[in-house]
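Tertiary structure, described
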Amino acid sequence: MTTDSLLFTPYRLGGMDLKNRIVMSPMLMYQAANDGTVTPRQVLHYGARALGGVGLIMTEVIAVHPQGRISESDIGLWSDEHIAGVRRIVDAVHACDAKIGVQLAHSGRKAQLPGGCVAPSPIPHSEDSATPAELTTEEVRHLVQYYGAAAVRADQAEVDCIQIHAAHGYLIHEFLAPMSNQRSDEYGGSLENRARFLLEVVRKVREALPASKPLLVRFSGTDLIEGGVTADEAAQLAKWLEAEGADLLEVTSGNITSLYGGDVYPGYQVKFVQDIRRQSSLPLASVGSIHSADLAEYLLRDGGIDLVFIGRALLRDPFWPIHAAADMGMEPPLPIPTYTRSTGPYHRGF
Ligand SMILES: Cc1cc2nc3c(=O)[nH]c(=O)nc-3n(C[C@H](O)[C@H](O)[C@H](O)COP(=O)(O)O)c2cc1C
């Protein structure tokens, strides 16, 4: 397809070639089996968005440890038993000429499991949440190994890239923010110490992945709340993440507690990219109420981002990219060429 639209212009990230700049944002669907294995419904869910023309699909959170699930219906990659199911999603997505990454995560104090939850410090997420057990220094080091092992399994499942979830009040974010991290060991205190877990995880996952497969990090450009990650701290984190071999930073914000401290409007998080852009030469992406083709195109051209993450719009409409192309007056990108037989003048039945 010839186009002057940046949204539909191919993009190369590390060794991964994307056919467009549209990324499906990670969205937890609570549809896995109780042992963390993938169900047929999830294969269909992701396959449908690939069929709809998304360039890169990022899965929902995939737990690196059983205690790191939000619920018992989350996907896991803490055991070899999980590889085959993730591979089925990967194959479905590849069959539609799209790329796929897994979002590796540990939910920390946000977990709602019968066995309770863990966190850097025994401080609950909100008034209604359980008080987490404080992780020992040894347990923190052990979790870094779990991230590495999950990354090896993701690679065996043939994913194209991995995203580390370091935002939205999940475990890594809980280490970064002073309000949830009051530790006195090497993982608490100064920014350098609070960032240690994230940077060790990134190093471990980078080592586990072939150099051609990009490593993305989703992190908070600011938490907009006292005791959260500040914009200056996020800019420093970006420098360290670049040094550790991250290939793209995706900027989101807030949710270290249940209160969001800012305003929400179309493209509201892209402004947090600006400080990061000054500190890092890495490709950047953002997310948040980017639901029209025009806004996505504008942000790619003038908002300082290289890829657009799209969440709820893709839940509402798996064919969002095809409809976006039509909105822009372009030929729709059809993953199955025979679909062109559905348009044009009617000649005869088949
Ligand atoms: C149903 C749902 C589930 C979500 N699950 C995740 C998740 O697993 N991981 C994550 O990083 N963000 C998750 N998010 C946040 C989205 O990825 C995205 O950042 C947010 O919805 C804003 O983008 P949007 O306005 O385009 O929906 C979820 C959002 C929704 C609506």
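Only a predicted model underlies this, so the values are computations on that prediction, with no experimental measurement involved.

**Remarks on the pairing of strand S4 (residues 56-63)**
When a strand is regular, its side chains alternate between the sheet's two faces. With respect to burial, S4 is a largely interior element, eight of its eight residues being buried. In the sheet, strand S3 (residues 22-24) pairs with S4 via two bridges, with the strands oriented parallel. Paired with Val23 across the two strands is Leu56, which belongs to S4. As defined by bridge partners, S4 adjoins strand S6 (residues 99-105) across six bridges and the pair is classed as parallel. The residue of S6 that forms the bridge with Met58 is Gly101.

**Section: the state of the cysteines**
Evaluation of the coordinates by the stated rule reveals zero disulfides. Just so you know, Cys161 is unpaired, no disulfide at all, and the nearest cysteine sulfur is the one on Cys96, 17 Å from it.

**Re the site of the ligand**
Around the ligand, the surrounding shell holds 17 residues, and the nearest of these are Ser25, Pro26, Arg218, Ser289 and Arg312. Here a nitrogen atom of the ligand and a backbone polar atom of Leu28 are 2.8 Å apart.

**Description of the nonpolar core**
Of all hydrophobic cores here, the largest spans 89 residues; its most connected members are Leu104, Ile162, Ile164, Phe197, Phe219 and Leu249. Ranked by size, the runner-up nonpolar core spans 14 residues in total, among them Met16, Leu18, Met58 and Leu216.

**Let's talk about unusual backbone geometry**
For Tyr30, which is not glycine, the phi dihedral falls at a positive 55°. With respect to the helices and strands, Tyr30 occurs in the loop between S3 and helix H1 (40-51). What makes Tyr30 partly exposed here is its relative accessible area of 44%. Despite not being glycine, Leu224 shows a phi value in the positive range, around 60°. The exposure class assigned to Leu224 is partly exposed, which follows from its relative accessible area of 32%.

**Observations regarding the packing of helix H3 (residues 137-156) against helix H6 (residues 196-208)**
Contact pair H3 / H6: the axes reach a minimum separation of 8 Å and the direction vectors enclose 30°. For the element pair H3 / H6, the angle class is roughly parallel. You can see that H3 and H6 cross each other, and the crossing is right-handed. Contacts between H3 and H6 involve Val140, Leu143, Val144, Gln145, Tyr147, Gly148, Ala151, Val152 and Asp155 from the first element and Phe197, Glu200, Val201, Lys204, Val205 and Ala208 from the second.

**Some thoughts on the packing of aromatic side chains**
Aromatic ring pairs: the centre-centre distance and the angle between the two ring planes describe each pair. The final tally for this structure, using the stated rule, is five aromatic pairs. Both rings, one in Phe175 and one in Phe197, keep their centres 4.8 Å apart while their planes meet at 40°; by these two values the pair is tilted. With Phe175 in helix H4 (residues 171-176) and Phe197 in helix H6, this pair connects stretches of sequence that are 22 residues apart. Take Phe175 and Phe197: they sit in the same class, and that class is buried. For the pair Tyr260 and Tyr268, a centre-to-centre distance of 6.1 Å together with 85° between the ring planes defines the contact as edge-to-face. We classify Tyr260 as partly exposed; its relative accessible area is 24%. Among the aromatic residues, ring-to-ring pairing joins Tyr147, Phe175, Tyr187 and Phe197 into one connected group.

**What to know about helix H2 (residues 83-95)**
Taking 1.5 Å of rise per residue, 13 residues should cover 18 Å, and H2 covers 18 Å from first to last C-alpha, within 8% of that figure. Considered for burial, the residues of H2 that qualify are Ile83, Gly85, Val86, Ile89, Val90 and Val93. Check the buried side of H2 and you find it contacts H1, S4, strand S5 (75-76), S6 and H3. Backbone geometry just downstream of H2 places Asp97 in the positive-phi region, at approximately 65°.

**Notes on the environment of Ala154**
Topologically, Ala154 is positioned in helix H3. Among the residues examined, Ala154 registers a relative accessible area of 0% and is labelled buried. Setting aside chain neighbours within four positions, we find Ala154 in contact with Leu77, Val102, Val159 and Ile162.

**A look at the pattern of salt bridges**
According to the stated counting rule, one finds 15 salt bridges in the structure shown. Here Arg141 makes a salt bridge to Glu186, at a shortest N to O gap of 2.6 Å. With Arg141 in helix H3 and Glu186 in the loop between H4 and helix H5 (191-194), this pair connects stretches of sequence that are 45 residues apart. Under the relative-accessibility criterion, Glu186 is labelled partly exposed at 29%. Put simply, Arg183 and Asp185 hold a salt bridge, and the shortest N to O gap is 2.7 Å. There is no split in this pair, since Arg183 and Asp185 are both buried. Through salt bridges with shared partners, a single network forms among Glu138, Arg141 and Glu186.

**What about H1?**
The end-to-end C-alpha distance of H1 is 16 Å, a good match for the 16 Å that twelve residues give at a rise of 1.5 Å each. When H1 is considered as a whole, its buried residues turn out to be Gln42, Val43, His45, Tyr46, Gly47, Arg49 and Ala50. Structurally, H1 contributes buried residues whose contacts are with S3, S4, S5, H2 and helix H10 (312-316).

Conventions and cut-offs
Throughout this document, residue positions are counted from 1 along each chain, in the order its sequence is written. Per-residue local features are limited, in this predicted model, to residues with pLDDT of at least 70; the limit for side-chain atom pairs, both in listing and counting, is 80 or more; totals at the level of whole chains, interfaces and linings are taken over all residues. Each side-chain value is derived from all of the structure's non-hydrogen atoms; neither hydrogens nor water enter the calculation. Partly exposed residues are those whose accessible area sits between 20% and 50% of the maximum for their type, while under 20% is buried and over 50% is exposed, using a 1.4 Å probe and protein chains only. The numbering of helices and of strands both runs from the N terminus, where a helix is a DSSP run of H or I of at least 4 residues and a strand a run of E of at least 2. Two strands qualify as a pair provided DSSP detects at least 2 bridges between them. Two cysteine sulfurs form a disulfide in these notes if their separation is within 2.5 Å. When we say a residue is near a molecule or strand, we mean one of its heavy atoms is within 4 Å of it. Throughout this description, a polar contact denotes any pair of N or O atoms lying within 3.5 Å of each other; where both atoms belong to protein, one of them has to be capable of donating a hydrogen while the other can accept it, and for residues adjacent in sequence the pair is counted only when both atoms sit in side chains. Throughout this description, the term nonpolar core refers to a set of buried Ala, Val, Leu, Ile, Met, Phe, Trp, Tyr and Cys residues connected via side-chain atoms within 4.5 Å. Between N-to-C directions, angles cover 0 to 180 degrees, with each direction set by a line fitted to C-alpha atoms, over the stretch in contact for helices. Angles are sorted into four bins: roughly parallel if under 35 degrees, roughly antiparallel if over 145, roughly perpendicular if 65 to 115, and oblique for all others. By convention the crossing between two helices is left-handed if the near helix lies anticlockwise of the far one by an angle smaller than a right angle, and right-handed if it lies clockwise. Residue contacts follow a heavy-atom distance rule, with two residues in contact if any of their heavy atoms lie within 4.5 Å. Stacked, tilted and edge-to-face are the three classes assigned to paired rings of Phe, Tyr and Trp, where Trp is represented by its six-membered ring and a pair needs centres within 6.5 Å; plane angles under 30 degrees give stacked, over 60 edge-to-face, the rest tilted. The span expected for a helix works out to 1.5 Å for each residue beyond the first. Every case where a carboxyl oxygen of Asp or Glu lies within 4 Å of a side-chain nitrogen of Lys or Arg is listed as a salt bridge.

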